[in-house]
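# Structural overview for review
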Amino acid sequence: MKMEVSAMFTKSLPVAILALVLLVVVPGEFATADGPTLVPKLGKAITPGAAAKWDLSVFPDGAGLPVGHGTAAQGEKLFEEKCAVCHGPEGIGASAEELRGGKTEDLSSASPDKNIGAYWPFATTLFDFTRRAMPMTAPGSLSADEVYAVTAYMLHVNGIIGKEDEMTRDTLPKVNMPNRDGFIWIDAKKPR
Amino acid sequence: MSINPNHPAPLTTDELTPAANGGLLDRRIFLKRGLVFASAVMAGEIALADDKLAVVDPAAPPWMREPGQPFSTYGRPSPYEKRIIRSITANKIVAGNGASWTPLQHLEGMVTPTGLHFERHHNGVPQIDPGQHQLLIHGLVQRPLTFRMDDLTRYPMRSHLIFLECGGNSNSGWFEEAPQATVGNMHGLVSCSEWSGVPLAILLDEAGIEAKATWIVAEGADAIAMNVSLPLEKIMDDCIVAIYQNGEKLRPEHGYPLRLIAPGWEGVLNVKWLRRIQVTNRPMMARNETSKYTELMPDGKTRQFTFVIDAKSLITTPSHGQTLRGAGVYEIRGLAWSGRGKIKKVEVSADGGATWAEAALQEPVLSRCFTRFRIPWNWNGGPAVFKSRATDDTGYVQPERKVLIAERGRNGYFHYNAVVSWSVDEDGSVSHVY
């Protein structure tokens, strides 16, 4: 970490006075390559419970998934209602990204389709993205049950799960995506 | 010797000794002699000039005979430059999902005007009230904290003058046939700005990072809550939360009021409308780091977390869509950049890569910043094929297209940085060739 602001705080008189004022209010030092820099420390404490209300992240191990449940059978109707206008009936053939694919797609073929079934490494990503972003005309409007149902439907039309398989915070992270191990990390260290 | 730029002395035999085949001259000729172009005007500029040619006597132009316009509270480009705009490619149904491309072929120098900086939005540009915007830092920290915008502006700041490039820039280069498009429409998802704001290390230090933390998740306040994961090491090294771009508060389309800036790393990681930093011990595997912004290779394996933008260059003049007006001296101009450091060298070829000459690099040459390069060319009126090839200070050399494709195949989509070739025809037209 390189910073070039520390000299400013010590070598000019008016700024030194300001620094003193800051010291009186909230002292805080931040170590940099050029030595410590005074920082105001104005962050406001928030409880983990309050922070959780902001939190939309869903991780591959299921962390962040809410309580709820849904099946592809339930999701099919919802998909027709809220998603098909852009993604096409059964997730194909309209203006938006094709969601229906197949897990048997050969990714080493000449022109492979990088669809959900063949390419996506984690089922939890579907839940995460659908909840935060879909439908694009009303993002964040789906209930947890609805997101589970649409997620189940997308997994089903890609041949990953059965039509009646119920997706929950326990079952979704356990869904086996065929391309789970197909990714090589380039600029980050993959944990062993 | 004094030089009259309007009547340069003829080039001497020594000066005309080429630096490489095809008419490339020593890069220092323009500096030494202050040469002017021989009819070296590009077609686009001619068209604009024609607008005002009709009636004006240049010896006594009308704008010298009446008072000019009054002051303006916020300056705008000349109306004669109204055609220099971003070109937009967006979803027909969801207008806010797409990109706008910087018209690089019309720009000079290293800084991109803020209003022409490329955009990539996934679901529109939110209009955020800065008084209502907060940044949350939570997760593996001792003290979860929120920061208001007026508080953030009191923190120590630093600036990065850097390029920003979308990982999907130049993706039509993977096509089998060379697309016939301008530099901006093919390669314009890269721009260069000064970004100023607060080092994230300071804010994370205030929150108190737990020992097991290794990643963060950054999230925007747009209508897809755009989210990506970044290694904590990069965040602590040089990332800032930018409040200013080119000296003024961010524009809405560039992340107002707060944007993560990760110098040298692909554009999607520079999360706009930043609202949340979650400190974690693993990546989230978000949609935009798994199904997108990853590169499928010929063996079926996929490159993931390809954060760094490798060295790249392209010639902006002459380039596709421009027309040279007859033989004579031209200046070949272009841009080079690398996410790994400084541009060390740019070589230019006028004979399709058979011979190369080194271009002059415009100072200052900065790490992870646009570097403008220039080299004079004496066109004999015959066909020529231009290429530029950048080398950065790590020694990395921008690859030829066939080399990149041999390594990555043609299904990677992202991170296309191969050498770009422009063919100049005898009639002066310029087209894109592989």
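The structure presented is a predicted model; accordingly, all values stated were derived computationally and were not measured.

A few words now on the sheet that holds strand 20 (residues 360–361) of chain B. Working definition: the strands of a sheet are paired by backbone hydrogen bonds and lie parallel or antiparallel to each other. Residue and element names in this part refer to chain B. Taken in spatial order, the four strands line up as 16-17-21-20 in an open sheet, and their pairing is antiparallel. The open sheet terminates on both sides in strands that have one partner only, identified here as strand 16 (312–317) and strand 20. Bridge count for strand 20 against strand 21 (residues 371–379) is two bridges, and the pairing is antiparallel. Along strand 21, the bridge assignment pairs Leu361 with Phe373.

Helix-helix packing is characterised by the crossing angle of the two axes and by the distance between the axes. All names here are of chain A. Between helix 7 (residues 124–133) and helix 8 (residues 144–157), the least distance of the axes is 9 Å, while the angle of their chain directions is 130°. Taken together, the axis directions place helix 7 and helix 8 in an arrangement best described as oblique. Once helix 7 is placed against helix 8, the crossing between them reads as right-handed. Between helix 7 and helix 8, the residues in contact are Leu126, Phe127, Thr130 and Arg131 and Val147, Val150, Thr151 and Met154, respectively.

The next subject is the interface of chain A and chain B. With 47 residues of chain A at the contact, the number on the chain B side is 56 residues. Of all the secondary-structure elements, those providing two or more residues to the side of chain A that touches chain B are strand 3 (44–45), helix 3 (48–52), helix 7 and strand 4 (183–185) of chain A. For the side of chain A that touches chain B, the element with the most residues is helix 7 of chain A, which contributes five residues. Its residues assigned to classes, the side of chain A that touches chain B shows 31 nonpolar, nine polar and seven charged. In the sheet, strand 4 of chain A pairs with strand 15 (residues 302–304) of chain B via three bridges, with the strands oriented parallel.

To continue, consider the sheet that holds strand 15 of chain B. Spatially, three strands are ordered 4(A)-15(B)-14(B) in an open sheet, and the strand pairing comes out mixed. One side of each edge strand has no neighbouring strand; the edge strands of this open sheet are strand 4 of chain A together with strand 14 (295–296) of chain B. The sheet contact formed by strand 14 of chain B and strand 15 of chain B spans two bridges and is antiparallel. Directly across from Glu295 of chain B, in strand 15 of chain B, lies its bridge partner Arg303 of chain B.

In this fold, Ala45 of chain A is placed in strand 3. For Ala45 of chain A, a count of 10 C-beta atoms within 10 Å puts it in the exposed group. For the pair formed by Ala45 of chain A and His87 of chain A, sequence separation is 42 residues and the distance between their alpha carbons is 42 Å. In this view, Ala45 of chain A contacts Arg143 and Leu145 of chain B; residues no more than four positions away in its chain are not counted.

Now for the pairing of strand 13 (residues 274–280) of chain B. Residues and elements named next belong to chain B. Most of strand 13 sits inside the fold, with six of its seven residues counted as buried. Two elements, strand 4 (residues 134–139) and strand 13, share four bridges in a ladder whose sense is parallel. Bridge assignment links Ile137 to a residue of strand 13, and that residue is Ile277. Of the pairings in the sheet, the one linking strand 8 (residues 215–220) to strand 13 comprises six bridges and is antiparallel in character. Residue Ile216 lies in a different strand from strand 13, and its bridge partner there is Val279.

In this structure, Leu24, Ile137, Ile216, Ala218 and Val241 of chain B are the most contacted members of the largest nonpolar core, which totals 146 residues. Considering each element in turn, this core owes the most residues, nine residues, to helix 8 of chain A. Ignoring sequence-local partners within four residues, the contact set of Ala218 of chain B consists of Asn227, Val228, Leu230, Leu260, Val271, Leu274 and Ile277 of chain B.

A separate point is the packing of helix 4 (residues 72–82) of chain A against helix 8 of chain A. Residue and element names in this part refer to chain A. The geometry of helix 4 relative to helix 8 is characterised by a closest axis approach of 7 Å and an angle of 100° between their N-to-C directions. For the element pair helix 4 / helix 8, the angle class is roughly perpendicular. On the side of helix 4, the interface is formed by Ala72, Gln74, Gly75, Glu76, Leu78 and Phe79, while helix 8 contributes Glu146, Ala149, Val150, Ala152, Tyr153 and His156. Here the residues of the contact of helix 4 with helix 8 are counted per class, giving seven nonpolar, three polar and two charged.

Let's shift gears to helix 4 of chain A. All names here are of chain A. Within the sequence span of helix 4, burial applies to Ala72, Gln74, Gly75 and Phe79. Looking straight down helix 4, one finds its buried side chains confined to an arc of 140°; they lie on one side. Set apart from the buried face of helix 4 by more than 90 degrees, the exposed residues are Lys77 and Glu81. Contacts from the buried residues of helix 4 go to helix 5 (84–87) and helix 8.

Here we come to the confidence of the model for chain A. Summing up the model confidence of chain A, the mean pLDDT is 86 and the portion of residues at 70 or higher is 82%. Low pLDDT (under 50) marks residues 1–27 of chain A, which in the prediction has 34 contacts with non-local residues, meaning those over four places away or in another chain.

Residues and elements named next belong to chain B. The pairing of strand 1 (residues 87–90) with strand 2 (residues 98–101) spans four bridges and is antiparallel. When the bridges of strand 2 are listed, Thr89 appears paired with Ala99. With three bridges joining them, strand 2 and strand 3 (residues 119–121) adopt antiparallel strand pairing. Residue pairing in the sheet places Gly98 in a bridge with His121 of strand 3.

Attention shifts here to the environment of Arg158 of chain B. Inspection of the secondary structure puts Arg158 of chain B in strand 6 (residues 158–165). Taking the C-alpha atoms as reference points, Arg158 of chain B and Pro199 of chain B, 41 residues apart in sequence, are found 6.9 Å from one another.

The rules behind the values
- Residues numbered from 1 in each chain as written.
- Chains lettered and ligands numbered in written order.
- Predicted model: local features only at pLDDT ≥ 70, side-chain atom pairs only at ≥ 80, totals over all residues.
- Pairing = 2+ DSSP bridges.
- Helix = DSSP H or I, 4+ residues; strand = E, 2+ residues; numbered from the N terminus.
- Axes fitted to C-alpha atoms, helices over the stretch in contact; angles between N-to-C directions.
- Parallel < 35°, antiparallel > 145°, perpendicular 65-115°, else oblique.
- Left-handed = near helix turned anticlockwise from the far one by under 90°.
- Contact = placed C-beta atoms within 7 Å.
- Nonpolar A, V, L, I, M, F, W, Y, C, P; charged D, E, K, R; others polar.
- Buried ≥ 20, exposed ≤ 12 C-beta atoms within 10 Å, placed from the backbone.
- Core = buried A, V, L, I, M, F, W, Y, C linked by C-beta atoms within 7 Å.
- Arc of directions from axis to C-beta.
- pLDDT = per-residue confidence, 0-100.

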